[in-house]
Amino acid sequence: MERELAVFLRRARAQSGEMAREVHPELESSAYGLFVRLDDAGPQRATELSAYFGVGKATMSRQLRALEQLGLVARDPDPADGRASLVRLTGEGRDRFRHVRGARRERYVRKLADWDRAEVAELARLLHQFNQRSEG
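Described below are features of the structure shown in this document. As the structure is a prediction and not an experimental result, all values here were calculated from the model.

### Overview of the pairing of strand β1 (residues 73-78)
- Where β1 meets strand β2 (residues 81-89), six bridges bridge the pair, whose relative direction is antiparallel. Its bridge partner being in β2, P77 is matched across the sheet by S85.
- The hairpin turn running from β1 into β2, its antiparallel successor, is two residues long.

What follows is the structure, encoded as structure tokens:
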């Protein structure tokens, strides 16, 4: 299991880098995960993002600053606490990300085309269960 998981993670990191560069050529591979999280969960504080990804606040701040400079994310005042801000995808960031995400999903569909639907559902269920147990 360890070997297969290591291969899977190595390939996933490489693909995330490719996807991030498809969103924008200047992006680091870690940016793709930020897009996924912001698109799925909506606006969040930088501290929530750093906790979710298990990275330091300084690292997250640097990554978000780069995305802001490219016009792909923006910060808005947090209505619950005026001292804080919420990070959100801009329209351009969302459109670029969703275009690339759609292409990625099409690749998964092609790779899994000869799998039984029940196998695909079971793989998704097991990955979800693994990820849930890996949180905190």
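### Considerations on helix α1 (residues 2-23)
- Taking 1.5 Å per residue, 22 residues should reach 32 Å; α1 reaches 31 Å between its end C-alpha atoms and fits that length.
- Packed against the buried residues of α1 are α2 (30-41) and α5 (91-111).

### Comments concerning the side chain of D39
- One can find D39 in helix α2.
- Within the structure, D39 has its side chain in polar contact with the side chain of R101 (distance 3.4 Å).
- Those residues in contact with D39 that lie beyond four places of it in its chain are L89, R94, F97, R98 and R101.

### Side note on the nonpolar core
- Core analysis: the largest hydrophobic core is formed by 19 residues, its most contacted members being L27, F35, L49, L64 and L67.
- At the level of elements, α1, α2, α4 (57-69), β2 and α5 are the ones that each hand at least two residues to this core.
- In terms of residues, this core owes the most to one element, α2, which gives five residues.
- Beyond its immediate chain neighbours, meaning those up to four positions away, L49 contacts L34, R37, L38, Q44, M60, L64 and V87.

### A word on the pattern of salt bridges
- Summed over all chains, the structure comprises 13 salt bridges.
- Salt-bridge contacts for D40 lead to R101; the nearest nitrogen and oxygen are separated by 3.0 Å. Of this pair, D40 sits in helix α2 while R101 sits in helix α5; the two residues are 61 residues apart in sequence, bridging distant segments of the chain.
- On the accessibility criterion, D40 (51% relative accessible area) is exposed.

### Quick notes on the packing of aromatic side chains
- Throughout the structure, instances matching the rule amount to three aromatic pairs.
- Residues F35 and F97 carry aromatic rings whose centres are separated by 5.9 Å and whose planes lie at 15 degrees to one another, so their mutual orientation is stacked. With a gap of 62 residues between them, F35 in helix α2 and F97 in helix α5 connect regions that are remote in the sequence. Here the two residues F35 and F97 agree in accessibility, since each one is buried.
- Each member of the aromatic cluster is reached from another via a ring pair, and the members are Y32, F35 and F97.
- Geometry around Y52 places R37 over its ring, the cationic atom sitting 3.8 Å from the centre.

### A short note on the packing of α2 against α5
- At a closest axis distance of 11 Å, the pairing of α2 and α5 adopts a crossing angle of 105 degrees. The angle between α2 and α5 places the two elements in the roughly perpendicular class. Along the contact surface, α2 presents Y32, F35, V36, D39 and D40, while α5 presents G93, R94, F97, R98, V100, R101 and R104.
- The class makeup of the residues in the contact of α2 with α5 is five nonpolar, one polar and six charged.

Definitions and cut-offs
- Residues numbered from 1 in each chain as written.
- Predicted model: local features only at pLDDT ≥ 70, side-chain atom pairs only at ≥ 80, totals over all residues.
- Heavy atoms only, no water.
- Pairing = 2+ DSSP bridges.
- Helix = DSSP H or I, 4+ residues; strand = E, 2+ residues; numbered from the N terminus.
- Expected span 1.5 Å × (residues − 1).
- Contact = heavy atoms within 4.5 Å.
- Polar contact = N/O pair within 3.5 Å; in protein donor to acceptor, adjacent residues only side chain to side chain.
- Core = buried A, V, L, I, M, F, W, Y, C linked by side-chain atoms within 4.5 Å.
- Buried < 20%, exposed > 50% of the residue type's maximum accessible area, 1.4 Å probe, protein only.
- Salt bridge = Lys/Arg side-chain N within 4 Å of Asp/Glu carboxyl O.
- Phe/Tyr/Trp six-rings, centres within 6.5 Å; stacked < 30°, edge-to-face > 60°.
- Lys NZ or Arg CZ within 6 Å of the ring centre and 35° of its normal.
- Axes fitted to C-alpha atoms, helices over the stretch in contact; angles between N-to-C directions.
- Parallel < 35°, antiparallel > 145°, perpendicular 65-115°, else oblique.
- Nonpolar A, V, L, I, M, F, W, Y, C, P; charged D, E, K, R; others polar.

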